[in-house]
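Per-entry structural report
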Amino acid sequence: MGDIRDKRGCPLVVWDGRELDWVKPRNGRLYLRGVGWRFLAEWPFDEAHRRIIESYKPRKKYRLGLFIPCSYGKPYSQSYIHYLVRRAISEYLSAGLVHEIILTNAGVVPRELDEYWPYTAYDWNPLMETREIRECYKAVLKQRIKDYLESFKDYYEGFAAYLRWDSDSWRALREASLQLGLRIENLAAKEVDKEELEEADLGLGYRADPDLVLVTRSSLEKLRRMVEALVERGG
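Notes on the structure in this doc start here. The structure displayed is predicted, hence computed values, not measured ones.

What counts and how
Residues numbered from 1 in each chain as written. Predicted model: local features only at pLDDT ≥ 70, side-chain atom pairs only at ≥ 80, totals over all residues. Heavy atoms only, no water. Phe/Tyr/Trp six-rings, centres within 6.5 Å; stacked < 30°, edge-to-face > 60°. Helix = DSSP H or I, 4+ residues; strand = E, 2+ residues; numbered from the N terminus. Buried < 20%, exposed > 50% of the residue type's maximum accessible area, 1.4 Å probe, protein only. Patch = residues over 30% accessible without salt bridge, like charges linked within 9 Å, V, L, I, M, F, W, Y side chains within 5 Å. Areas by Shrake-Rupley, 256 points an atom, 1.4 Å probe, with all protein chains shown as cover. Salt bridge = Lys/Arg side-chain N within 4 Å of Asp/Glu carboxyl O. Contact = heavy atoms within 4.5 Å. Axes fitted to C-alpha atoms, helices over the stretch in contact; angles between N-to-C directions. Parallel < 35°, antiparallel > 145°, perpendicular 65-115°, else oblique. Left-handed = near helix turned anticlockwise from the far one by under 90°. Nonpolar A, V, L, I, M, F, W, Y, C, P; charged D, E, K, R; others polar.

1. Quick look at the packing of aromatic side chains
In this structure the tally under the stated criterion is 12 aromatic pairs. Centre to centre, the rings of Tyr76 and Tyr122 are 6.5 Å apart; their planes meet at 70°, and the pair counts as edge-to-face. One end of the pair, Tyr76, is in the loop between strand S2 (64-69) and helix H2 (80-88); the other, Tyr122, is in strand S5 (residues 122-123), and 46 residues separate them in sequence. The exposure classification of Tyr76 matches that of Tyr122, with both residues buried. The interplanar angle of 70° and the centroid separation of 5.6 Å between the aromatic rings of Trp165 and Trp170 together place this pair among those described as edge-to-face.

Listed below in structure tokens is the structure:
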């Protein structure tokens, strides 16, 4: 970083995090807030996806690749929903049996990259989506999923999803898997108890997030049971 200091003698830069740039920023690390083609299929997300397909490799062969949603909080792993999902299946994550793959407008993001820019610096607000942009989202994500599966399917004994049944991410994943002839089961509950939903909300207004249905007690218990069964039979 050099030894440049301010007038008080304090180092100006001790660490700048550049090793966590998945793609090289232009004019600084932008925070990409918005909904539309610009925030879906153009730079930096298009370049970041290309680099994943061309340069990334999963660390090992996994019993199960688990597709999960993104989150408002970044990095994803520090968000409320991801924390609860990860806690439910922690023994399989820590044993290296399950690999998390996040589906988002920013791309198909392996868990190892969730602290890398640009995946730490964007906000796609679903409340601002139109029907047209939802179809664009599904089409772009479907192609990115196909790219990922075609490139890395041999690193997994099987795949599963933990996505809302009414989500565009599940629609994209289901269509991609059908086109590739892969069986990917959705482990999410189709119905959620209202009292459990209120319990998961913590009284803090999380109910505005539709993915809260994924972290009710029953939903997480089902996830753990299903992951256990899939891991035992090898996907």
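2. A short note on a nonpolar patch on the surface
On the surface, a cluster of nonpolar side chains totalling about 280 Å² of accessible area is made up of Ile4, Leu12 and Val13. Residue Val13 is classed as partly exposed on the basis of its relative accessible area, which comes to 36%.

3. Quick word on the environment of Ala41
Inspection of the secondary structure puts Ala41 in the loop between strand S1 (32-33) and helix H1 (45-55). Overall, the relative accessible area of 18% leaves Ala41 in the buried class. With 64 residues separating them in the primary sequence, Ala41 and Asn105 have C-alpha atoms 8.2 Å apart. Setting aside anything within four residues of it in sequence, one finds Ala41 in contact with Asp46, Val140 and Arg144.

4. A few points about the environment of Glu191
As for its position among the elements, Glu191 is in the loop between strand S7 (184-186) and helix H6 (194-201). We classify Glu191 as exposed; its relative accessible area is 73%. As for Glu191 and Ser218, which are separated by 27 residues in sequence, their C-alpha atoms are 9.9 Å apart.

5. Brief notes about the pattern of salt bridges
Evaluated as defined, the whole model comprises 21 salt bridges. Note that Lys138 is salt-bridged to Glu175, the shortest N-O span being 2.9 Å. Highlighted residues: Lys138 in helix H4 (residues 131-152) and Glu175 in helix H5 (residues 168-180), separated in sequence by 37 residues. For Lys138, a relative accessible area of 11% corresponds to the buried category. Of the residues examined, Glu175 reaches a relative accessible area of 23% and is grouped as partly exposed. Across the pair Lys142 and Glu175 runs a salt bridge whose closest N-O atoms are separated by 3.3 Å. In this pair, Lys142 is assigned in helix H4 and Glu175 in helix H5, connecting sequence segments 33 residues apart. In this structure Lys142 comes out as buried when scored by relative accessible area, which is 17%. One network of salt bridges, with partners in common, ties together Arg134, Glu135, Lys138, Lys142, Asp168, Arg171 and Glu175.

6. Concerning the packing of H4 against H5
It is the contact of H4 with H5, at a shortest axis distance of 8 Å, that shows an interaxial angle of 45°. Overall, the two elements H4 and H5 adopt an arrangement that is oblique. The crossing of H4 and H5 is right-handed. Facing H4, whose interface residues are Arg134, Glu135, Tyr137, Lys138, Leu141, Lys142, Ile145, Lys146, Leu149 and Glu150, H5 presents Asp168, Ser169, Arg171, Ala172, Leu173, Glu175, Ala176, Gln179 and Leu180. The residue inventory of the contact of H4 with H5, partitioned by class, reads eight nonpolar, two polar and nine charged.

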